[in-house]
Amino acid sequence: MKKLYFMLAIAIAAMCVGDALAKKPKRPHRRTRQKTHKVVRKKKSAAPRRPVERFVPLPAERNLLDDAYNPFLQCEDTCNHVHGIDLSRYQGDVFWETVGENTKMAYVYLKATEGGDRIDPKFERNIELAHRYGLKVGSYHFFRPKTPLRKQLENFTAQCLPGEQDLIPMIDVETTGGLPSNQFCDSLMHFLWMVEQHYKQKPLVYTFRNFYNWHLVGRLNDYQLMVAMYLDEEPVLEDERDITLWQYTGKGRIVGINGFVDKSRFLGRHGLRDIRFRH
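Residues numbered from 1 in each chain as written. Predicted model: local features only at pLDDT ≥ 70, side-chain atom pairs only at ≥ 80, totals over all residues. Heavy atoms only, no water.

Remarks on the environment of L149
Right, so step 1: Topologically, L149 is positioned in helix 4 (residues 149-159).
Right, so step 2: When its relative accessible area of 17% is taken as the criterion, L149 is described as buried.
Right, so step 3: Separated by 43 residues in sequence, L149 and L192 have C-alpha atoms that sit 9.8 Å apart. (Helix = DSSP H or I, 4+ residues; strand = E, 2+ residues; numbered from the N terminus. Buried < 20%, exposed > 50% of the residue type's maximum accessible area, 1.4 Å probe, protein only.)

Now the structure itself:
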């Protein structure tokens, strides 16, 4: 009897295990990713490439490639006045034979020096070629108020030689050097006097209209002025004093000079005779 009960228990246990296995959820089949094979294309043996010839315009032609440049434009303001330009190293190598053909460019002021020891590296070349191609030439010095005046005079006069000048020397005045106006003006006036004593004639003074109105009103009555103002109307100073030359643009164009160039013209009845160097 015990043996019968034991076998019955085993049978019942087997049935329970079977039911449990039957109720266990089946795991979903994983989607097998298809392996992709990268096709490597064999590179064709290309023939050696010929070097591309790159067009490099000559310096005299670069302006002509500028869409905004008009090769027939000789003076942005009006061609009814005597015009001139001023140059420094920033214009690079100038094609003076081309500039000389522009009949509207009657004169040129060339930067010679700055402060006590700077010499414009293009000055010697510029002054020689400007003379060769028929322009009236003058030289200018960029004034540094804090630099010893005697040192500045020696620097300028070593480059601005009277025998090479058609026009009176010009002093470029654009900064106070951080000095108070009175101290700056005293330094400038003394330097102008020193230049006058050396060349036996008063120099031309270049400055901006606003700079003049802020610092120089009533100080330069005995000196001729070139005033820079890049507006359509002619400049008028606060003290309404006479202006000899007006630099009317800092973005002029002319064949023979790459990039922009400063252009100026005489005002009123002034002309070359007013700034001629007296030898």
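Quick notes on helix 3 (residues 123-132)
Right, so step 1: Those residues of helix 3 not exposed but buried are F123, N126, I127, L129 and A130.
Right, so step 2: Positive backbone phi, approximately 90 degrees, marks G134, located one or two places after helix 3.

Thoughts on the packing of helix 5 (residues 181-199) against helix 6 (residues 209-216)
Right, so step 1: The contact between helix 5 and helix 6 brings their axes to 10 Å, and the two run at 105 degrees. Of the possible angle classes, the one that applies to helix 5 and helix 6 is roughly perpendicular. Across from S181, F184, C185 and L188 in helix 5, the residues of helix 6 making contact are F211, W214, H215 and L216. (Axes fitted to C-alpha atoms, helices over the stretch in contact; angles between N-to-C directions. Parallel < 35°, antiparallel > 145°, perpendicular 65-115°, else oblique. Contact = heavy atoms within 4.5 Å.)

Quick notes on the pattern of salt bridges
Right, so step 1: Counted according to the given criterion, the structure contains eight salt bridges.
Right, so step 2: Across the pair E114 and K111 runs a salt bridge whose closest N-O atoms are separated by 2.6 Å.
Right, so step 3: Taking the relative accessible area as the measure of exposure, K111 reaches 13% and is therefore buried.
Right, so step 4: Across the pair E128 and R132 runs a salt bridge, and its minimum N-O distance is 3.0 Å. Taken together, the residues E128 and R132, both in helix 3 and four residues apart, mark about one turn of the helix.
Right, so step 5: One salt-bridge network, in which partners are shared between bridges, spans K111, E114, R118 and R144. (Salt bridge = Lys/Arg side-chain N within 4 Å of Asp/Glu carboxyl O.)

Some thoughts on the side chain of N213
Right, so step 1: Note on placement: N213 falls in helix 6.
Right, so step 2: If near-sequence neighbours (up to four positions away) are discounted, N213 is found in contact with L237 and E238.

Description of the layout of surface pockets
Where empty space is left can be seen by rolling a probe of water-molecule size over the atoms.
Right, so step 1: Space inside the largest pocket adds up to approximately 440 Å³.
Right, so step 2: For the largest pocket, the lining is made up of 27 residues, of which S88, Y90, K111, Y140 and F142 are closest to its centre.
Right, so step 3: Ranked by residues supplied to the lining of the largest pocket, first place goes to strand 2 (residues 105-114) with four residues.
Right, so step 4: When the residues that make up the lining of the largest pocket are grouped by side-chain class, the tally is 13 nonpolar, five polar and nine charged. (1 Å grid on protein atoms, 1.4 Å probe; cavity = no way out; pocket = protein on both sides within 12 Å on 5 of 7 lines; lining within 4 Å. Points joined across faces, edges and corners; volume = space filled by probe spheres on them. Nonpolar A, V, L, I, M, F, W, Y, C, P; charged D, E, K, R; others polar.)

Let's talk about the confidence of the model for the protein chain
Right, so step 1: For the protein chain, per-residue confidence averages 81 on the pLDDT scale, and residues scoring 70 or more make up 71% of the total.
Right, so step 2: In this model, residues 50-64 is a region of pLDDT below 50 whose contacts with residues beyond four sequence positions or in other chains number 16 contacts. (pLDDT = per-residue confidence, 0-100.)

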